[in-house]
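Architecture and fold: a report
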There are 2 protein chains.
Amino acid sequence: MNPNTTHAIEVLKADSSKISSVDFENLVFGNIFTDHMLSCDFRNGAWEKPIIKPYEPMLLDPSAKVFHYGQAIFEGMKAYKDDNDEVWLFRPEQNLERFNKSAVRLAMPEVPDDLFLEGMKQLIDLERDWVKKGKGNTLYIRPFMIAIGTGVVAAPSTQYRFMIILSPAKSYYSGEVKVIIAEHFSRAANGGIGAAKAAGNYSAQFYPTKLANEKGFQQIIWTDDATHTKLEEAGTMNVFFRINDTLYTAPTSERILDGVTRKSLIQLARSLDIKVEERSVLVTELVDAQKDGSLKEVFGAGTAAVVNPIVGFSYADMYYELPKLENSFAAMLKEKLTDIQYKIDSDPFGWTVKV
Amino acid sequence: MNPNTTHAIEVLKADSSKISSVDFENLVFGNIFTDHMLSCDFRNGAWEKPIIKPYEPMLLDPSAKVFHYGQAIFEGMKAYKDDNDEVWLFRPEQNLERFNKSAVRLAMPEVPDDLFLEGMKQLIDLERDWVKKGKGNTLYIRPFMIAIGTGVVAAPSTQYRFMIILSPAKSYYSGEVKVIIAEHFSRAANGGIGAAKAAGNYSAQFYPTKLANEKGFQQIIWTDDATHTKLEEAGTMNVFFRINDTLYTAPTSERILDGVTRKSLIQLARSLDIKVEERSVLVTELVDAQKDGSLKEVFGAGTAAVVNPIVGFSYADMYYELPKLENSFAAMLKEKLTDIQYKIDSDPFGWTVKV
Ligand SMILES: Cc1ncc(COP(=O)(O)O)c(C=O)c1O
Ligand SMILES: Cc1ncc(COP(=O)(O)O)c(C=O)c1O
C-alpha cells in the first residue's frame, strides 16, 4: 500500500444537474456520465491537489505521451444501492492494488491509497442520486490514469493525470454470447502487459473481435500466444469451464488479468462446496468434453457482466453448442454474488464497503 | 492504396512565428513543435475537411476511447534540406502504407493517400524555414491518429482524429549505446500488434527499459516472447548483426516493425555487394560469434537515429564488448544513406520525394 496524499480534495460543484434528462430505464453502457469527476495531476515527482469538479472536456497538447506511446491504465468497478438507500462498493482495495500494479508495469507513478479510495467515495457520495435501487442497476466507476507530459520521444512521461468518472449502467451484455477460440491472434505476450489493465491491450483485440463479429460471434476466448492450445480469458472477462461438476479456470499469469469477479467466484463456489481448479484448460480438452457430454457450462466473469453464460464456441471452423441446463452454476453464482453486492444477502467474506 | 479525399485543405495561418525563439543548435529531440499542425476528423464513416492551423492544445472528453482502449497509431519520418534550399522526404509512401496497415490492425479507418502525402507536403511547405541545412539537421514528422469517440465500453470508436505535427531535430541518440538482451520481458506477441506502430507497444517497453537503464544500459534487444532465443528488434530500431562480412537481420513478422530504414539499408548494402541475410539470429549464435571474434558489429536502424552502433551487449548477466572497427559497415551505410537523404549523392533508388 502507498502512503496517503497530504492534500485534501477541493470540491467545485456543478451549477445544475443533468440527471433529470437521463432515461435510467434505457441506458447504453458507458455512454452517459454523472455531473462531476475527480481529477488529480502528478508533476515534479508528486501528486498535486485533487479536485472534484463538473464533468467536462480537457485540454491536451497534441504531443501528449498518451497519444503516442500509450501510457494509459484504467479500472472498472461498480457501486450498488441497497433497499435502505445505502451505497456500496465491492472489494475496492482489490482494484486499487491492481491499478497500482498496472501503473508499475507501464512505468507510471502509483496512486496514493486515499486518493483512489477516499476520492472515489467522496465523488460517489456527491452523486448518490445517480445510483438507482434494484438489482441490475449500478453506477459504473472508471478510475484511469494517462500520461499528459509532452514530447514525441519514446520514453516515459514525467506528468500524469489520474481521474475518476462515473456512468450509470444496467447490465452489460444482452442476448446470447457465442465465442470463437483464438487460433491465430493473441491479446498478450509472455513477459508482456497482459496482466495490466492497460489501454493498449484492448485496442489489440478490436480487429480480431470485429472478424469474429462478422462471423456471428460476440467474443473471442484468447489462447496462449506461443502455442494457441491453452484457454486463457475473453476480451473483458475471465473464463470458467464446468466439466461434470468441477469448475476450471486458467491460473492468473503475466498474460491474464487477475479479475476481481474471478477470485470472488472461486471463493464463493468453494464456500458452496463446488470444486474449483485453477489450472490451464486445453482446447482439446474442451472439445473432447463437449463431445462426450461432460462439458456442462462455459461462462465469462467480470465486473461489467458479472457472470455471462456462453451458449457455444467455435474452433477450427466447427461450432460446438453447450447444453441448456436447469441448475447452472453460472446462474446460481451470479445470484449469490449480486445478492452480496446489493446487500440482499449477508456478506460473510467482508467484501462490501460502504460509501 | 486508398481513394483520395474530396476535400481541399483549409489553411488558417498563425499570427506570428515562434521560430526566432528556438535555439536550433541545442534541440532536445521531439520537444519543440513548429507553428502549424494538420488535423482532420473522421465521423459518420467519412473523413471531414482537413485543416492546417496554429499548433495548439485540443479539447477531448475524459471518456475519449484513446484514453481507455489505446486506439492510437503513429508514424515517424523526416524532412531534409539540400544545399539549394529544397526540402525532401524519404520514401513517404512507405510510411503511408505502414500507417494504414497499423490502422487496419487496430480497427481504425485508413487514411486517404492525399490526406497523408499531400497534407504533409503542404504543411511542411508552410514550415520550410524550420528545416535547416546541413547534415544532421532535420524536421521530424509525426503523423498520428487517435480515437476521439466517447464512451467507456471496450469497442472500437466511431470517431477518429488524424494529425501531423512537426518538430525540428538533431540526431536522436548521443553517447555510446549498450544493450541488454531480453530474457524475460517482451514487446510483442505472436498474433499480436508488434508489427503495427501502435502506441500501446511503446508503453509496454518503458518499465523493462527503465530496469535496463538502472543497470547502465540504454536499450533492450527484444527476443521472441515464446522462447526468448531469437533476436528481434530494439525499442525503436530494427537491429543488424555483422558476423564476418555478412549482415544479418531478423525477417519481418507479426512481432517486428517493418522498418523503412531497415529495408533501405538492406537494399543499399546489397547494391554495395555486402551480403545481407534476413533470418533469425539466435542469442547463442551472437554470444558464440562474440567469443570467437567473428562478431564485428551490431547496430540499430531507424528513422530517428538512422544507424546507431552498439558498443556491447549483456546477456545472462555477462557483458560482451564489441570490437572497435576502422571500416565499419554501420558508419559507411549511415554515410551513404544520409548522403542520399540530403541529396549530396545521387538517388539511384528513387527514394527521395520533393516537397
Ligand atoms: C482482460 C480482462 N479480463 C478480465 C476482466 C475481469 O476483471 P474484473 O472481474 O476485475 O472486472 C477484465 C475487466 O473487466 C478484463 O478487462
Ligand atoms: C519498434 C520499432 N522498430 C523499428 C523502427 C524503425 O523503423 P523506421 O526505420 O521505419 O523508422 C521503429 C521506428 O522508428 C520502431 O518504433
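Residues numbered from 1 in each chain as written. Chains lettered and ligands numbered in written order. Predicted model: local features only at pLDDT ≥ 70, side-chain atom pairs only at ≥ 80, totals over all residues. Heavy atoms only, no water.

Within an unreviewed UniProt entry, the label attached to chain A reads Branched-chain-amino-acid aminotransferase, and the organism entered is Flavobacterium silvaticum. Chain A has a UniProt comment under Cofactor (unreviewed entry) that states "pyridoxal 5'-phosphate". The record in UniProt for chain A states the following under Sequence similarities (unreviewed entry): "Belongs to the class-IV pyridoxal-phosphate-dependent aminotransferase family." (UniProt positions renumbered as here; feature names shortened; annotations may be inferred.)

**Thoughts on the packing of aromatic side chains**
All names here are of chain B. Applying the stated criterion across every chain yields a total of 39 aromatic pairs over all chains. Between the aromatic rings of Phe99 and Phe162, the centroid separation amounts to 5.5 Å while the plane-to-plane angle is 65°, which identifies the pairing as edge-to-face. Note that Phe99 is positioned in helix α2 (residues 92-105) and Phe162 in strand β10 (residues 160-169), a separation of 63 residues in sequence. With relative accessibility at 0%, the residue Phe99 sits in the buried group. (Phe/Tyr/Trp six-rings, centres within 6.5 Å; stacked < 30°, edge-to-face > 60°. Helix = DSSP H or I, 4+ residues; strand = E, 2+ residues; numbered from the N terminus. Buried < 20%, exposed > 50% of the residue type's maximum accessible area, 1.4 Å probe, protein only.)

**Quick notes on unusual backbone geometry**
All names here are of chain A. With a phi angle near 50°, Asn244 is a residue other than glycine that sits in the positive phi range. Mapping Asn244 onto the fold places it in the loop between β14 (238-243) and β15 (246-249). For Asn244, a relative accessible area of 43% translates into the label partly exposed. A positive phi is found at Asp317, a non-glycine position, where the angle reads about 65°. As for its position among the elements, Asp317 is in the loop between β19 (306-315) and β20 (318-321).

**Describing helix α4 (residues 199-214) of chain A**
In a regular helix each residue adds 1.5 Å, so 16 residues correspond to 22 Å; α4(A) covers 24 Å between its end C-alpha atoms and thus fits that length. For α4(A), the set of buried residues is Ala199(A), Gly200(A), Asn201(A), Tyr202(A), Ser203(A), Ala204(A), Gln205(A), Phe206(A), Pro208(A), Thr209(A) and Ala212(A). (Expected span 1.5 Å × (residues − 1).)

**Considerations on the site of ligand 2**
Residue and element names in this part refer to chain B. Residues in contact with ligand 2 amount to 16 residues; listed here are only the nearest, Tyr202, Glu233, Val260, Thr261 and Thr303. A distance of 2.9 Å is found between an oxygen atom of ligand 2 and a side-chain nitrogen or oxygen belonging to Arg98. At a separation of 2.4 Å, an oxygen atom of ligand 2 approaches a polar side-chain atom of Tyr202. Across the complex, the protein chains shield 97% of the 390 Å² of accessible surface that ligand 2 would expose by itself. (Near = heavy atom within 4 Å. Polar contact = N/O pair within 3.5 Å; in protein donor to acceptor, adjacent residues only side chain to side chain. Areas by Shrake-Rupley, 256 points an atom, 1.4 Å probe, with all protein chains shown as cover.)

**Observations concerning the pattern of salt bridges**
Within the structure shown, the criterion is met by 43 salt bridges over all chains. In this structure, Lys53(A) engages Glu56(A) in a salt bridge whose closest nitrogen and oxygen atoms are separated by 3.7 Å. Note that Arg279(B) is salt-bridged to Glu285(B), the shortest N-O span being 2.9 Å. (Salt bridge = Lys/Arg side-chain N within 4 Å of Asp/Glu carboxyl O.)

**What to know about the relation of the copies chain B and chain A**
Between chain B and chain A, which share one sequence, the superposing operator has a rotation angle of 180° and an axial displacement of 0.0 Å; the RMSD is 0.0 Å. As the rotation angle and translation indicate, the two copies are arranged about a two-fold axis. (Least-squares fit on C-alpha atoms with pLDDT ≥ 70 in both.)

**Points about the site of ligand 1**
Residue and element names in this part refer to chain A. Not every one of the 16 residues close to ligand 1 is listed here, only the nearest: Tyr202, Glu233, Val260, Thr261 and Thr303. The separation between a nitrogen atom of ligand 1 and a polar side-chain atom of Glu233 is 2.5 Å. The contact in question runs from an oxygen atom of ligand 1 to an N or O atom on the backbone of Val260, over 2.8 Å. Taking 380 Å² as the accessible area of ligand 1 by itself, protein coverage stands at 97%.

**Regarding the interface of chain B and chain A**
Taken together, the 60 residues of chain B in the interface contact 60 residues of chain A. Summing the contributions of chain B and of chain A, the shared interface buries around 5,000 Å²; its carbon and sulfur component is 65%. Linking chain B to chain A there are zero salt bridges. The interface formed by chain B and chain A holds 24 residue pairs in polar contact (both at pLDDT 80 or more) in total. For the side of chain B that touches chain A, the elements supplying multiple residues, two or more each, are β5 (58-60), α1 (65-69), β6 (72-74), α2, β9 (138-147), β10 and α4 (199-214) of chain B. Across three bridges, the pairing between strand β5 (residues 58-60) of chain A and β5(B) is antiparallel. By the bridge assignment, Met58(A) is partnered in β5(B) with Leu60(B). (Contact = heavy atoms within 4.5 Å. Buried area = accessible area lost by both parts, 1.4 Å probe. Pairing = 2+ DSSP bridges.)

**What about the environment of Ser203(B)?**
Tracing the sequence through the fold places Ser203(B) in helix α4. Accessibility expressed as a relative area gives 1% for Ser203(B), which makes it buried. In contact with Ser203(B), other than residues within four places in its own chain, are Tyr69(A), Gly70(A), Gln71(A), Arg105(A) and Leu106(A). Among the polar contacts listed, one links the side chain of Ser203(B) to the backbone oxygen of Gly70(A), at a separation of 3.1 Å.

**Some thoughts on the pairing of strand β12 (residues 219-223) of chain A**
Residue and element names in this part refer to chain A. The buried count for β12 comes to five of five residues, which makes it a mostly enclosed element. In β12, alternate side chains face the same way, and those of Gln219, Ile221 and Thr223 on one face and Ile220 and Trp222 on the other are all buried. Bridging between strand β11 (residues 177-181) and β12 involves three bridges; their strand directions are parallel. Residue pairing across strands places Ile181 opposite Ile221, the latter belonging to β12. Traced from β11 through α4 to β12, the parallel crossover comes out right-handed. Summarising the sheet, β12 and strand β13 (residues 230-234) pair through two bridges and their orientation is antiparallel. Bridging from a neighbouring strand, Thr223 pairs with Leu231 of β13. Following β12, the chain reverses through six residues before pairing antiparallel with β13; His228 in that reversal takes a positive phi of roughly 55°. (Right-handed = clockwise from strand over helix to strand, strands pointing away.)

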